[in-house]
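Fold and contact review
Spelled out, the chains give:
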2 protein chains.
Amino acid sequence: MRGDSTAPNADEQRVPDRAERTRGPRRALVEAEILDEAARLFATRGFAATSMQEIATALGTSRPALYHYFTGKDEILTRLVQGLADDSRRALDQAAAVRGGAEERLAGLVCALAAPIAAAPLRARLIRSSLIELLDLDGQFAAVRDEVLLAVSGVIDEGCESGEFRRCDGRVVAFSILGMINWLAWWYDPATGPSPEALTGELSESALAMVRAQTADHGPVGVSGAIAAMRRDLDFLERTVCGDGSVTKS
Amino acid sequence: MRGDSTAPNADEQRVPDRAERTRGPRRALVEAEILDEAARLFATRGFAATSMQEIATALGTSRPALYHYFTGKDEILTRLVQGLADDSRRALDQAAAVRGGAEERLAGLVCALAAPIAAAPLRARLIRSSLIELLDLDGQFAAVRDEVLLAVSGVIDEGCESGEFRRCDGRVVAFSILGMINWLAWWYDPATGPSPEALTGELSESALAMVRAQTADHGPVGVSGAIAAMRRDLDFLERTVCGDGSVTKS
DNA sequence: CCTACCGATCGGTAGG
DNA sequence: CCTACCGATCGGTAGG
C-alpha cells in the first residue's frame, strides 16, 4: 500500500498543472472548467457532433475565447483522454504495491481500476466514444491499455497455475473483468446507485468469484459448456506440459 | 417453446424483408449491402464523422444513389439499431424457452445475448457509439434494454432467494454480466480469438461462477486435476449426446 | 477576449 | 410509363 498520495484528487492538488506552472493559477482554473464542460458534452452528444459554440455557450463565453486556452477541439479531447490514461497508470501503480496471493492482487487491480470510473463515469465514457474519432489518440492510449490487460490476465494466469483459480482462458476472463469494470461508465450513477466504496467492493467480489476454484459437484452446463470446459483443460495442459509461448495464439 | 424459427440466420432467409416484399429482391439486396458498409464505417469512424460520400465510395457508387434507398443518413442508422434491438428481442425469446433452475436459465440468457455480438462485433458497437448521436433512437431502444436488464437481474434474484446463488446485489451483478457480454464488441475478433461457440461457453461459465453459491474446499488442481476434469466432461458428453439421441446444435 | 470572416465540406436534392 | 442511377449544385454550418 502506497498510502493516499496516489489518490487522484490529492494528486491534482499537490502537483501543479502544466498550465499552472507556465501561465499561472487563473489559467489552470479556466482550463479545468473548459475540460469539465467539454467532457460532459462529448460524452452526451459525441465528439464530432459537439461544436465549439456549444461548449462556449454552456460556459457563458464566446467561441473564439476557447482558442485562447486550447489550439482547437482536438487538443481538448487529447487532454481529456490523457487524464484518463493517467488514471489507469495510477491504478496500475497502486495495484502493483499490493502484496499477497493472486486473489488479493486481483482484488486490488479491480478496485484500483474501477474507482476512477465510479468517481467520474461521464468522463470515462470518452475512452470508447472518442478514441474512434481521433485516431492519433488510440496510439497514445494503446500502451497503457495493453499494460492493464497484461496485468489482469497475468495475475489470472498465475492464480490458475497455483491452483487458487479455476482453469480458464486468462485472456477471455481478463477482458470479461475489464468489461465489467468499464461498463460502469454507462450505467453507474453515484447519486442513485450504491456508494463507490460498496460498488468497488461488490465488483472485486464478483471478479474473484468468477475465477476462484470451485468444487466440482456442479457439472458443466450443456454440451457447449462441457466442450468449453474441456477446451480450457486442454489449453491448461498445453501450457503446463509443453511449456510456454510456443503455441500461443496472439 | 417457439422452436428454431427464432434463429437469426434462418429468420433472414425465411421471412422476406420489408423492402423485398414491396420493391423486389434486387432492392433488398442493395439495401443490405449499404447497411453492412455503413455499419462498418459508423463503428470505426463514428456516426457524425462518417459522410455519405465515404459510404458511397466504399460501395463503388455515387452519393445520390444512396438516397434512392434511404431517406438519409439518419434512416440508415435507425435501421441498423432496429436490427440490433431485434437481435436482443430474439435472444430474450430464445432464453425464455429455457426450462430449469436459475443456473440453466442464466446460462441460456448469457449465451443468447452474447451470440449475436460475437457474430458481428462491429455492428454491436453501434449501440453505445450512436445512441448518443441520434437521441430519438434511445427511446426506441430503451424498452428492450430494460427488458434485458430485468430478465438478467430477475433470474439472479430468484437464484439468490432459492439459495442456488450467493447473496449479492442483483442489479449490480446483472450490469456486471451485461458489461462482460457487451464489451465483446470492442475486443473480440472471430478471426484471431476463440470460436463463437467456445466464447459463449466461456462467458456463461464465467457468469455462473460469478453468482454461484460456493463451498470452501477446492477441487483437485494441477495436471492430474485437469485430466480428471476432462474425464468427467467426456462422461457428461457421452451421456448427453449418445444417451439422449437428439443432438442439439446451437 | 469579441466581431467579422475565410476555405472546405456537410447532408440532401434539383433536372435529365 | 417504370426503375435505377448520374453530374452538378443547392442552402447552411462546421472549425479555425
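Residues numbered from 1 in each chain as written. Chains lettered and ligands numbered in written order. Predicted model: local features only at pLDDT ≥ 70, side-chain atom pairs only at ≥ 80, totals over all residues. Heavy atoms only, no water.

**What to know about the overall build of chain A**
- On a plain count of helices and strands, chain A comes out with 13 helices and 0 strands.
- Walking chain A from its N terminus toward its C terminus, one meets helices and strands in the order α-α-α-α-α-α-α-α-α-α-α-α-α.
- Across the 250 residues in chain A, those meeting the buried criterion constitute 48%.
- Intrachain contacts of chain A at a sequence separation of at least 6 include 67% that bridge at least 24 residues.
- Put simply, chain A shows about 11800 Å² of open surface, and 52% of that area lies on carbon and sulfur atoms. (Helix = DSSP H or I, 4+ residues; strand = E, 2+ residues; numbered from the N terminus. Buried < 20%, exposed > 50% of the residue type's maximum accessible area, 1.4 Å probe, protein only. Contact = heavy atoms within 4.5 Å. Areas by Shrake-Rupley, 256 points an atom, 1.4 Å probe, with all protein chains shown as cover.)

**Overview of helix H4 (residues 52–59) of chain A**
Residues and elements named next belong to chain A.
- When we look at burial in H4, the residues that qualify are Met52, Ile55 and Ala56. The buried residues of H4 all sit within an arc of 95° when viewed along its axis, so they share a single face.
- Positive phi appears at Gly60, one or two residues downstream of H4, with a value of about 70°. (Arc of directions from axis to C-beta.)

**Re the protein's contact with DNA strand C**
- Neighbouring DNA strand C are 15 residues; Ser62(A), Tyr69(A), Arg63(B), Tyr67(B) and Lys73(B) lie closest to it.
- Counting only the atoms of DNA strand C within 4 Å of the protein, the fraction contributed by sugar and phosphate is 58%.
- Tyr67(B) is positioned with one of its side-chain polar atoms (N or O) 3.4 Å from a phosphate oxygen of DNA strand C.
- Those elements giving two or more residues to the surface near DNA strand C turn out to be helix H5 (63–66) of chain A together with helix H5 (63–69) of chain B.
- The residue inventory of the surface near DNA strand C, partitioned by class, reads 6 nonpolar, 5 polar and 4 charged. (Near = heavy atom within 4 Å. Polar contact = N/O pair within 3.5 Å; in protein donor to acceptor, adjacent residues only side chain to side chain. Nonpolar A, V, L, I, M, F, W, Y, C, P; charged D, E, K, R; others polar.)

**A closer look at the nonpolar core**
- Counting 84 residues, the largest nonpolar core has Leu106(A), Ile177(A), Leu106(B) and Ile177(B) as its most contacted members.
- Excluding anything up to four places from it in sequence, Leu106(A) contacts Val152(A), Val155(A), Phe165(A), Ile177(A), Ala207(A), Leu208(A) and Val211(A). (Core = buried A, V, L, I, M, F, W, Y, C linked by side-chain atoms within 4.5 Å.)

**A few points about helix H11 (residues 170–182) of chain A**
- Over its 13 residues, H11(A) runs 18 Å from end to end, which matches the ideal 18 Å to within 8%, given 1.5 Å per residue.
- Taken as a whole, H11(A) has its buried residues at Gly170(A), Val172(A), Val173(A), Ala174(A), Phe175(A), Ser176(A), Ile177(A), Leu178(A), Gly179(A), Met180(A) and Ile181(A). (Expected span 1.5 Å × (residues − 1).)

**Some thoughts on the UniProt feature "domain: HTH tetR-type" (unreviewed entry) in chain A**
- In the numbering adopted here, UniProt assigns the feature "domain: HTH tetR-type" (unreviewed entry) to residues 28–88 of chain A.
- Across residues 28–88 of chain A, the secondary structure splits into 75% helix and 0% strand, with the terminal C-alpha atoms separated by 22 Å. (UniProt positions renumbered as here; feature names shortened; annotations may be inferred.)

**As for the interface of chain A and chain B**
- With 58 residues of chain A at the contact, the number on the chain B side is 60 residues.
- When the two sides are added together, the surface that chain A and chain B hide from each other amounts to roughly 5500 Å², 66% of it contributed by carbon and sulfur.
- The largest share of the area that chain A buries against chain B comes from Ile132(A), Trp183(A) and Trp187(A), three residues that together contribute 12% of it.
- Inspection of the chain A/chain B interface yields 0 salt bridges.
- The tally of links between chain A and chain B comes to 4 residue pairs in polar contact (both at pLDDT 80 or more).
- At the level of elements, helix H3 (25–45), helix H9 (126–130), H11, helix H12 (196–211) and helix H13 (222–242) of chain A are the ones that each hand at least two residues to the side of chain A that touches chain B.
- At 14 residues, the largest contribution of residues to the side of chain A that touches chain B is made by H13(A).
- Residues that form the side of chain A that touches chain B fall into these classes: 31 nonpolar, 13 polar and 14 charged. (Buried area = accessible area lost by both parts, 1.4 Å probe. Salt bridge = Lys/Arg side-chain N within 4 Å of Asp/Glu carboxyl O.)

**Describing the protein's contact with DNA strand D**
- Near DNA strand D there are 14 residues, and of these Ser51(A), Arg63(A), Lys73(A), Ser62(B) and Tyr69(B) occur at the shortest range.
- Sugar and phosphate atoms represent 52% of those atoms of DNA strand D found within 4 Å of the protein.
- Between DNA strand D and Thr50(A), the relevant distance is 3.1 Å, taken from a phosphate oxygen to a main-chain nitrogen or oxygen of the residue.
- Separating a phosphate oxygen of DNA strand D from a side-chain N or O atom of Thr61(B) is a distance of 3.4 Å.
- Sorting elements by how many residues they give to the surface near DNA strand D places H5(B) first, with 5 residues.
- Looking at the surface near DNA strand D residue by residue, the class counts come to 5 nonpolar, 6 polar and 3 charged.

**Points about the UniProt feature "DNA-binding region" (unreviewed entry) in chain A**
- Mapped onto this structure's residue numbering, the UniProt feature "DNA-binding region" (unreviewed entry) falls at residues 51–70 of chain A.
- Taken end to end, residues 51–70 of chain A has its terminal C-alpha atoms 14 Å apart, with 60% of it in helix and 0% in strand.

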